[in-house]
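Fold and contact review
If you want the building blocks of each chain, they are given just below.
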Amino acid sequence: MEKTNLHETLQKVRERNPLVHNITNVVVTNFTANGLLALGASPVMAYAAEEVADMAKIASSLVLNIGTLNSQTVESMIIAGKSANDNNVPVIFDPVGAGATLYRTETSQRIMKEVKVSIIRGNAAEIANVVGEKWEIKGVDAGETKGNVVDLAKTAAQKMNCVVVITGKEDVITDGETTYVVANGHPILTKVTGTGCLLTSVIGAFAGVEKDLLQAAVAALTYYGIAAEKAVKQTAEQGPGSFQIEFLNQLSLVSEVDINQFSSVRRG
Amino acid sequence: MEKTNLHETLQKVRERNPLVHNITNVVVTNFTANGLLALGASPVMAYAAEEVADMAKIASSLVLNIGTLNSQTVESMIIAGKSANDNNVPVIFDPVGAGATLYRTETSQRIMKEVKVSIIRGNAAEIANVVGEKWEIKGVDAGETKGNVVDLAKTAAQKMNCVVVITGKEDVITDGETTYVVANGHPILTKVTGTGCLLTSVIGAFAGVEKDLLQAAVAALTYYGIAAEKAVKQTAEQGPGSFQIEFLNQLSLVSEVDINQFSSVRRG
Amino acid sequence: MEKTNLHETLQKVRERNPLVHNITNVVVTNFTANGLLALGASPVMAYAAEEVADMAKIASSLVLNIGTLNSQTVESMIIAGKSANDNNVPVIFDPVGAGATLYRTETSQRIMKEVKVSIIRGNAAEIANVVGEKWEIKGVDAGETKGNVVDLAKTAAQKMNCVVVITGKEDVITDGETTYVVANGHPILTKVTGTGCLLTSVIGAFAGVEKDLLQAAVAALTYYGIAAEKAVKQTAEQGPGSFQIEFLNQLSLVSEVDINQFSSVRRG
């Protein structure tokens, strides 16, 4: 993938301000909305069964995140997902904590079955649990990767027939045939809650303007990782509070020059 | 309106610490509470049908915001609103996204019908949809104003028999007879989620100490806009993360000198 | 209590990264998760009746907070609490706003009756209302302490048979027999929403690694108060926005040297 493509996709997001409909968890709503605004997207959060079909229909993409799921929200996710499918709106799914409880695993599998998901994003343990492979998980923040993550991603993509993004030390993006590995990002991201969830919504914004979903995902991941790297440089030893704020700043500032200089993508 | 009045009203908020009962959306709860604290008000969030009547009764004002409405919360809003009405507690309503979905439009109209609202605050599209005028909206963040906003505000105030605040490039405040236009504020506010919602709650705090609701609203809008202008000066090119934090700082710092120097109010 | 004990307990949190299961209010979820991450704990939020028993079982501690309670969440709290009890997972309870509405008072008493709570944390008014003593409260942020707080804490601990933490100008920690008073902290904490709620979750993290619950609570309170004092020094006159961010930074930075130099604990 050319660096020009990565920047072009980012540029399209900033010009078109895609409306990203998020049905996400109560921990990350504010951070997600502010991150999407910093990027140049238009976030909307809508949860009620009475309106999610209408909202998903006019959105550029729909992001489903089960971080604090409950039975009502899951029903809304299914309704919104079907409406998105009917209207060719891409659906991005984040199976937060799949494997941590049976309810999360089963709900994830139900969503994958009832909704045509375009891109799923999680850590290795979450993705493994959704497709029924063995992997360890502790709480919802796990992701220490033992085993071959690239293989897991490919298997998952083939089984679920969608683009799979597994994030960790390095990020793997695959449609089951073509695979990319992105080495951007920084471990401090794990010290700020919702950085995984926001990433999923950012992928949603990119998928809302770019039909080539592999390119959308790779462009989102490099953009996001570069913003983190730049924020770390600015805030160095200050701590996770300052990093979090500078990261929002950098999400609005990543430029073509940054992408050319810092993006790290290879074939996997 | 005299600049002295604007500062006197702010001063009353800081001295009396009005208890503002918010039934608001899950995206902005934290930012709203912190903004109200910075101002000097006492925020409380309570949603359960079992308690909202009790809470609204002891509050200085009640703020209803449908940003992430669902059927249960709407019922609680109605219960709280009626309790506020019975106890002469002013009700401030923010019809977030009215027009974006039918559910939001109808719920807004239902709230306006079942509850005596003192002040409604929205962008032009939202207010137009609540009163049944034609206006365009995209998602919940729209607000590009075509058409005469002052006329829309006056019509809405007369139809709904309450104070109407339409925010945009300039803000219009009217009770249908007397109209003010406030030119404070800054476009970067649209890059931080919940700045409209927090503004509605800030108007609630001012309405909790000032019986002249036009004065309460104008004082709130100038105060809020000046805090934004000062925050922009401090954070310049840094980005929306830094602006957001400095804005909270400035909400606690706006002084009589600032109001005399920067407030921009004219008759509309 | 020796300063060495305080630091040892903090060190254990940082080494073991206890999984703290929070069922908390919608205002503070993000701040709570980020505060726990800054400390070195692993936060998880899970609310659904379908999964809370499973999540509480694998957690190091369970934190219940009724800040924005509703009937469904209360049921989940009871289920999670019983599961924690069955699995020897300590339960920490924050009765936010007990006394402000009858619903909060009765729910607090119900939780204390149906769940074996290890530590309860509130201001004097909240604790008084839970145990049925007279005390004044305004909204959910009250806590002006009139009357003898140490006596109240001891009475409450004996009546409820658990460790009681009453926070205010000074903090009182007691199991009904042994009592400590912690003088760390800073009034600006009352200008940032959720600092009480996060404190309760931080106590949860400490209780997740330290069986001596008095020591866990005292270590948590000194650690937390010192972080606030350090943050105030860094941000001085800037305002509550900057303080909030620096406080998150300092939660990750409090060191053995800081504890030796700044902790202020006496017998009460």
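Everything numeric in this text was worked out from a predicted model, so none of it was measured.

**Considerations on the overall build of chain A**
What chain A contains, in helices and strands, is 11 helices and 9 strands. Here chain A has a C-alpha radius of gyration of 17 Å; the compact-globule value for 268 residues is 18 Å, and the two agree. Dimensions of chain A, computed from the C-alpha atoms along their principal axes, are close to 40 × 40 × 35 Å. The 268 residues of chain A split such that 65% are buried. Long-range contacts, defined here as pairs at least 24 residues apart, represent 71% of the contacts in chain A between residues at least 6 apart.

**A short note on the nonpolar core**
Ile120 and Val164 of chain A, Ile120 and Val164 of chain B together with Ile120 and Val164 of chain C are the most contacted members of the largest nonpolar core, which totals 143 residues. For this core, the element with the most residues is helix H7 (residues 149-160) of chain C, which contributes 7 residues. The residues contacting Ile120 of chain B, other than those within four sequence positions of it, are Phe93, Pro95, Met112, Ile127, Val130, Met160, Cys162, Val163, Val164 and Val165 of chain B.

**Some remarks on the interface of chain B and chain A**
How large an interface is tends to be reported as the accessible area lost when its parts come together. Listed by partner, the interface residues are 31 residues for chain B and 28 residues for chain A. Both faces combined, the contact of chain B with chain A buries some 2,200 Å², and carbon together with sulfur accounts for 57% of it. Of the charged contacts in the structure, one is a salt bridge between Glu51 of chain A and Arg104 of chain B, with a shortest N-O distance of 2.7 Å. Our count for the contact surface shared by chain B and chain A stands at 10 residue pairs in polar contact (both at pLDDT 80 or more). Going through the elements one at a time, helix H4 (71-86), helix H5 (102-114) and helix H10 (240-251) of chain B are the ones with two or more residues in the side of chain B that touches chain A.

**Let's talk about the relation of the copies chain B and chain A**
Note on the identical chains: chain B maps onto chain A by a rotation of 120° and an axial translation of 0.0 Å, with an RMSD of 0.0 Å. Taken together, the rotation angle and the small translation identify this as a three-fold axis. Proximity to the rotation axis, assessed at the C-alpha, singles out Val26 of chain B in chain B; its C-alpha lies 3.8 Å from the axis. A share of only 6% of the interface residues of chain B reappears at the interface of chain A, consistent with the copies meeting through non-equivalent patches.

**As for the relation of the copies chain A and chain C**
When chain A is fitted to chain C, the best match, at an RMSD of 0.0 Å, comes from turning it 120° and sliding it 0.0 Å along the axis. Comparing interface residues between copies, only 6% of those in chain A also sit at the interface in chain C, which points to a heterologous contact through distinct surfaces.

**Here we look at the pairing of strand S5 (residues 119-122) of chain B**
Residue and element names in this part refer to chain B. Of the two faces of S5, the one holding Ile119 and Arg121 and the one holding Ile120 and Gly122 are both buried throughout. The pairing of strand S4 (residues 91-94) with S5 spans 2 bridges and is parallel. Residue pairing for S5: Ile92 is matched across the bridge by Ile119.

**Considerations on the pairing of S4 of chain B**
All names here are of chain B. Residue alternation in S4 divides its side chains into two sets, Val91 and Phe93 and Ile92 and Asp94, and both sets are buried. Relative to S4, strand S3 (residues 61-65) runs parallel, the two being bridged by 4 bridges. Bridge pairing links Leu64 to Phe93 in S4. In this fold, the crossover linking S3 to S4 by way of H4 has right-handed handedness. As a crossover connection, the stretch from S4 through H5 into S5 is right-handed.

**What to know about the interface of chain A and chain C**
Facing 31 residues of chain A, the contacting portion of chain C comprises 28 residues. Taken together, both faces of the contact between chain A and chain C bury some 2,200 Å²; the carbon and sulfur share is 56%. Between the two partners, chain A and chain C, sit 1 salt bridge. At the level of secondary structure, the elements contributing two or more residues to the side of chain A that touches chain C comprise helix H4 (71-86), helix H5 (102-114) and helix H10 (240-251) of chain A.

**Describing the sheet that holds strand S8 (residues 179-182) of chain B**
All names here are of chain B. Taken together, the 9 strands give an open sheet; going across it, the order is S2-S1-S3-S4-S5-S6-S7-S8-S9, and neighbouring strands pair in mixed fashion. The two strands at the open ends of the sheet, each matched to only one other strand, are strand S2 (42-45) and strand S9 (265-267). Shown here is a sheet whose adjacent strand axes are inclined to one another by a mean of 20°, direction ignored. Note: strand S1 (residues 19-23) against S2, 4 bridges, orientation parallel. Of the residues in S2, the one forming a bridge with His21 is Val44.

**Description of the UniProt feature "binding site: substrate" (unreviewed entry) in chain A**
Following the UniProt record, the feature "binding site: substrate" (unreviewed entry) maps to Met45 and Gly194 of chain A here. Relative to the helices and strands, Met45 of chain A is located in strand S2 (residues 42-45). Take Met45 of chain A: its relative accessible area is 5%, and that puts it in the buried class. Leave out the neighbours within four places in its chain, and Met45 of chain A touches Asn22, Thr24, Thr29, Thr32 and Ala33 of chain A together with Val27, Gly67, Thr68 and Arg104 of chain B. Turning to its location among the elements, Gly194 of chain A is positioned in the loop between strand S8 (179-182) and helix H8 (195-207). In contact with Gly194 of chain A, not counting residues within four places along its chain, are Val28 and Phe31 of chain A.

**Examining the sheet that holds S2 of chain A**
All names here are of chain A. A sheet is described by the order of its strands in space; here 9 strands give the open sequence S2-S1-S3-S4-S5-S6-S7-S8-S9, paired in mixed fashion. What marks the edges here is a single partner per strand, and that holds for S2 and strand S9 (265-267). In this sheet, neighbouring strand axes are inclined to one another by 20° on average, regardless of whether the strands run parallel or antiparallel. Bridge analysis of strand S5 (residues 119-122) against strand S6 (residues 163-166) gives 4 bridges, and the strand direction is parallel. Bridged to Gly122 within S6 is Ile166.

**Regarding the pattern of salt bridges**
Evaluation of the coordinates by the stated rule reveals 27 salt bridges over all chains. In this structure, Glu75 of chain B engages Arg110 of chain B in a salt bridge whose closest nitrogen and oxygen atoms are separated by 3.1 Å. Of this pair, Glu75 of chain B sits in helix H4 while Arg110 of chain B sits in helix H5, and the two are 35 residues apart along the sequence. Given the relative accessible area of 29%, Arg110 of chain B is considered partly exposed. Three or more residues joined by partner-sharing salt bridges are found here, namely Glu75, Lys82, Arg110 and Glu114 of chain A.

Conventions and cut-offs
Residue indices follow the written sequence of each chain, beginning from 1 at its first position. Here every chain gets a letter starting at A, and every ligand a number starting at 1, in the order they are written. Since the coordinates come from a predicted model, pLDDT governs what is reported: local features require at least 70, and pairs of side-chain atoms require 80 or more to be given and counted, while whole-chain, interface and lining totals use all residues. By convention in this description, side-chain values take in all heavy atoms of the structure and omit both hydrogens and water. A run of H or I in DSSP becomes a helix once it reaches four residues, and a run of E becomes a strand once it reaches two; helices and strands are each numbered from the N terminus. Throughout, the radius of gyration refers to the C-alpha atoms, and the reference size of a globule is 2.2 Å times the residue count to the power 0.38. The rule is simple: take the accessible area with a 1.4 Å probe, protein chains only, and divide by the maximum for that residue type; under 20% is buried, over 50% is exposed, in between is partly exposed. Should any heavy atoms of two residues lie within 4.5 Å, those residues are considered in contact. Residues belong to one nonpolar core when they are buried, are Ala, Val, Leu, Ile, Met, Phe, Trp, Tyr or Cys, and are joined through side-chain atoms within 4.5 Å. Accessible-area loss on putting two parts together, using a 1.4 Å probe and summing over both, is the definition of buried area adopted here. The rule for a salt bridge is simple: a side-chain nitrogen of Lys or Arg has to be within 4 Å of a carboxyl oxygen of Asp or Glu. Between N or O atoms, a polar contact is any pair within 3.5 Å; within protein, one atom must be a potential hydrogen donor and the other a potential acceptor, and residues adjacent in sequence are included only when both atoms are from side chains. Here the copies were fitted onto each other by least squares, based on C-alpha atoms from residues at pLDDT of at least 70 in both. Pairing between two strands is assigned when DSSP locates at least 2 bridges connecting them. Orient the strands so they point away from the viewer; a crossover is then right-handed if the path from the first strand over the helix to the second runs clockwise. A fitted line through C-alpha atoms represents every axis, and for helices the fit uses only the stretch in contact; the resulting angles, taken between N-to-C directions, go from 0 to 180 degrees. UniProt positions are given in the numbering used here, feature names are shortened, and annotations may be inferred rather than shown by experiment.

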